[in-house]
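# Structure assessment
Residues per chain, in single letters:
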Amino acid sequence: MKEYSVFIFYHKNNRNSFRALLGALEKYDLIDFFDFYFPKNFDEFFKILEEKQKFYKFSFVLFSLMTTQFIEWKENLERIKNYRVLKLAGGPHTSGLPLSLLEFFDFLFYGEGEESLPVFLKNFIENRDYKNTKGVIYKEDGKIFINKSKGFIDLNEFPVFSKKLCKYGPIEITRGCIFGCKYCQVSYFMGKNLRHRKIEIILGWVEELFKSKMKDIRFITPNAFSYGSYKKGEINIDAIYNLLYQVRNIVKKEGRIFFGSFPSEVRPDYINDEVIRIVKEFCDNKNIVIGCQSGSERVLEYIRRGHDLSCVLNAVEKVKKYGFVPIVDFIIGFPEERSEDLKKTIDFSLKLMEKGCIVHFHYFMPLPATPFWNKKSSFIEKNFFKNLGKYTKEGKLFGSFEKQYEYSKRIREMFELKME
């Protein structure tokens with residue numbers, strides 16, 4: 001047993017964030033200093049914490065939070081305040097609205113944590129000044145301290161995962177988004193410049209996953225078909241071909257490759273015959289997930305989406321042409337969305353269903369640090385959701401839009417947003 005322990009709340013929706021952080025801890029040679037625990041729910045978390053914490057010189061608790069999770073977990077976060085551990089938090093809610101968390105956590109890590117978390121922990125265990133770590137926020141004697149972040153990391157300098165801890169999953173290949181859609185946090189947290197992992201580094205991790213008996217290779221990226229590109233609408237065919245060709249050479253027939261499907265999607269303006277042919281040749285996914293977001297041209301322009309509906313229709317036809325099922329994402333309830341806009345979205349989604357698409361509906365939720373944080377969602381009649389039930393039963397439509405509708409209301413109430 002080591003002197004220090006780390007209790008990571010390893011929730012299924014936050015695992016990818018922690019996998020990257022564990023890789024960073026390994027880069028800084030910190031893995032061997034700690035015993036790690038990975039509870040997946042609060043019952044398990046409190047049980048393990050109470051059983052194990054007393055055996056260590058010092059313990060750390062790590063959370064990553066989205067805004068919806070902060071709402072859902074608030075009562076349990078209150079309980080954690082009673083434990084004599086150092087409580088650390090990161091994630092999109094922490095970066096977007098950090099002051100809402102200072103009541104529950106001792107130190108907050110905003111932005112990308114691959115550098116700040118290892119430096120903080122290393123300084124702590126070496127009895128050096130850990131409070132002034134860049135990218136950290138804390139409160140002391142009633143005063144809030146915000147240490148300026150070092151900025152964005154170079155993905156190629158950091159491992160995707162920790163080999164020692166074997167917490168593997170999808171491989172992150174790109175961060176950032178050029179487009180800056182008003183509802184999405186990616187451009188505002190990860191930057192508008194695309195940062196890609198080099199192919200040789202990705203391939204090294206594919207080999208590691210395959211040796212570890214992980215036969216399914218998936219990727220994390222805001223827009224799968226933007227890999228290797230740096231300009232709006234640019235498709236780097238050579239980079240995508242080279243990546244998928246070499247991944248297939250590693251996994252051969254024993255493994256499966258998924259690209260442009262869960263857990264990432266594709267913008268419709270990045271779909272053409274060449275790229276779909278490449279995916280068809282090397283990949284195993286049966287569907288391509290396409291982000292449309294609205295069936296109203298007016299709303300698409302207002303949310304700064306950067307494409308029109310004809311682009312979506314063209315993308316759907318290309319995807320179907322090569323035998324893939326298009327799954328098309330929509331968000332309803334956008335700020336300034338009128339009843340006629342909603343009707344256009346419904347009509348357009350029905351048109352896509354007739355073409356053999358599966359529609360994925362979301363309900364708009366205001367997210368911190370986006371241009372829409374203080375914007376009011378549009379009103380939707382309650383029976384609207386009931387009317388969609390028919391298509392859900394037929395397998396043509398899915399989504400957690402009713403739950404998200406409730407979250408949207410709770411976000412406004414909890415943070416007392418003065419909606420414009």
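Details of the structure are given in the entry above.
One structure accompanies this document, and this report is about it. All figures in this text were calculated on a predicted structure; none of them were measured in a lab.

Conventions adopted
- Within every chain, residues take consecutive numbers counted from 1 along the sequence as written.
- Only residues with pLDDT of at least 70 are given local features in this predicted model, and only at 80 or more are side-chain atom pairs given and counted; all residues enter the totals for whole chains, interfaces and linings.
- Just so you know, side-chain values use all the structure's heavy atoms and leave hydrogens and water out.
- Pairing between strands is defined by DSSP: at least two bridges between them are needed.
- Think of it this way: any DSSP run of H or I at least four residues long counts as a helix, any run of E at least two long counts as a strand, and we number them from the N terminus.
- A fitted line through C-alpha atoms represents every axis, and for helices the fit uses only the stretch in contact; the resulting angles, taken between N-to-C directions, go from 0 to 180 degrees.
- In this analysis, two residues are considered to be in contact whenever any of their non-hydrogen atoms come within 4.5 Å of each other.
- Exposure above 30% relative accessible area and no salt bridge define the residues that can form patches, which grow by joining like charges within 9 Å and nonpolar side chains of Val, Leu, Ile, Met, Phe, Trp and Tyr within 5 Å.
- Surface exposure here means Shrake-Rupley accessible area, sampled with a 1.4 Å probe, where a residue is shielded only by the protein chains that are shown.
- Salt bridges are defined by distance alone: a side-chain nitrogen of Lys or Arg within 4 Å of a carboxyl oxygen of Asp or Glu.
- Classification of residues uses two cut-offs on accessible area relative to the type maximum, computed with a 1.4 Å probe and protein chains only: under 20% is buried, over 50% is exposed, and between them is partly exposed.
- Here, expected helix span is obtained from the residue count minus one, scaled by 1.5 Å.
- If an angle is under 35 degrees, it is roughly parallel; if it is over 145, roughly antiparallel; if it lies from 65 to 115, roughly perpendicular; otherwise it is oblique.
- Each residue receives one of three labels: charged for Asp, Glu, Lys and Arg, nonpolar for Ala, Val, Leu, Ile, Met, Phe, Trp, Tyr, Cys and Pro, and polar for the others, Gly being one of them.
- As defined here, a cavity is a set of points on a 1 Å grid over the protein atoms alone where a 1.4 Å probe fits but cannot get out. A pocket is an open set with protein on both sides within 12 Å along at least five of seven lines, and residues line them when an atom is within 4 Å of a point.
- Grid points are joined across faces, edges and corners, and a volume is the space filled by probe spheres set on the points.

Turning to the sheet that holds strand 6 (residues 136-140), a few remarks are in order. With respect to topology, seven strands assemble into an open sheet ordered 2-1-3-4-5-6-7, the strand pairing being mixed. Edge positions in the sheet fall to strand 2 (34-37) and strand 7 (143-146), since each of these pairs with one other strand and no more. Neighbouring strand axes in the sheet, compared pairwise and without regard to direction, differ in orientation by 20° on average. In this sheet, strand 7 lies alongside strand 6 in antiparallel orientation, the contact comprising four bridges. Bridging from a neighbouring strand, E140 pairs with K143 of strand 7. Packed onto the sheet, helix 1 (residues 15-27) meets strand 1 (4-8), strand 2 and strand 3 (58-64) and runs at close to 140° relative to strand 3. Lying on the sheet, helix 5 (residues 116-125) is in contact with strand 1, strand 2, strand 3, strand 4 (86-90), strand 5 (107-109) and strand 6; it crosses strand 4 at an angle near 165°.

Another aspect to go through is a nonpolar patch on the surface. On the surface, a cluster of nonpolar side chains totalling about 290 Å² of accessible area is made up of L99, I144 and I146. Inspection of the secondary structure assignment puts I144 in strand 7.

Turning to its location among the elements, L352 is positioned in helix 12 (residues 339-354). For L352, a relative accessible area of 0% gives the class buried. Residues L352 and L121, 231 residues apart in the sequence, show an inter-C-alpha distance of 51 Å.

The next point concerns the pattern of salt bridges. Under the criterion given, the structure shown has 26 salt bridges. Close ionic contact of R267 with D269 constitutes a salt bridge, the shortest N to O distance being 3.1 Å. For R267, a relative accessible area of 5% corresponds to the buried category. In this structure D269 comes out as partly exposed when scored by relative accessible area, which is 22%. With a shortest N-O distance of 2.9 Å, D273 and K321 are connected by a salt bridge. Residue D273 is found in helix 9 (residues 273-282), and its partner K321 is found in helix 11 (residues 309-321); the two are separated by 48 residues along the sequence. Classification of K321 by relative accessible area gives exposed; the value is 56%. Taken together, the salt bridges that share partners define one network made up of E112, E114, E172, R175, R195 and R197.

Here we take up helix 7 (residues 199-211). Residues that lie three or four places apart on an α-helix share one face, since the helix turns once every 3.6 residues. For helix 7, with 13 residues, the first-to-last C-alpha span of 18 Å sits near the 18 Å given by 1.5 Å per residue. Looking at helix 7, one finds that the buried residues are I199, I202, L203, W205, V206, E208, L209 and F210. Those residues of helix 7 hidden inside the fold are in contact with strand 8 (171-172), strand 11 (216-217), strand 12 (219-220) and helix 8 (237-251). Just past helix 7, the residue K213 takes up positive phi, approximately 75°.

Turning to the packing of helix 8 against helix 9, a few remarks are in order. The relative placement of two packed helices is expressed as an angle between their axes plus a distance between the axes. Running from amino to carboxyl end, helix 8 crosses helix 9 at an angle of 5°, the nearest separation of the two axes being 10 Å. Viewed along their axes, helix 8 and helix 9 adopt a mutual orientation that is roughly parallel. The segment helix 8 lies against helix 9, with I237, I240, Y241, L244, Y245 and R248 engaging E274, V275, I278, V279, E281 and F282. Considering only residue class, the contact of helix 8 with helix 9 consists of nine nonpolar, no polar and three charged.

Turning to the sheet that holds strand 15 (residues 325-332), a few remarks are in order. The strand order across the open sheet built from four strands is 14-15-16-17, with neighbouring strands paired in parallel fashion. With one partner strand each, in any of the chains shown, strand 14 (287-293) and strand 17 (397-398) form the two edges of the open sheet. Across six bridges, the pairing between strand 15 and strand 16 (residues 358-363) is parallel. In the sheet register, D329 faces strand 16, and the bridge partner there is H360.

A word on the layout of surface pockets. The space that makes up the second largest pocket amounts to roughly 150 Å³. If you trace the second largest pocket, you find 13 residues lining it, with E115, S116, K134, G135 and K150 closest to the centre.

This structure, assessed with the given rule, holds one cavity of 30 Å³ or more. By volume, the largest cavity amounts to about 50 Å³. The wall of the largest cavity is formed by G176, C177, I178, F179, L194, P222, N223, S226 and Y270. When the residues that make up the lining of the largest cavity are grouped by side-chain class, the tally is six nonpolar, three polar and no charged.

Just geometry here; none of it tells us what the structure is for.
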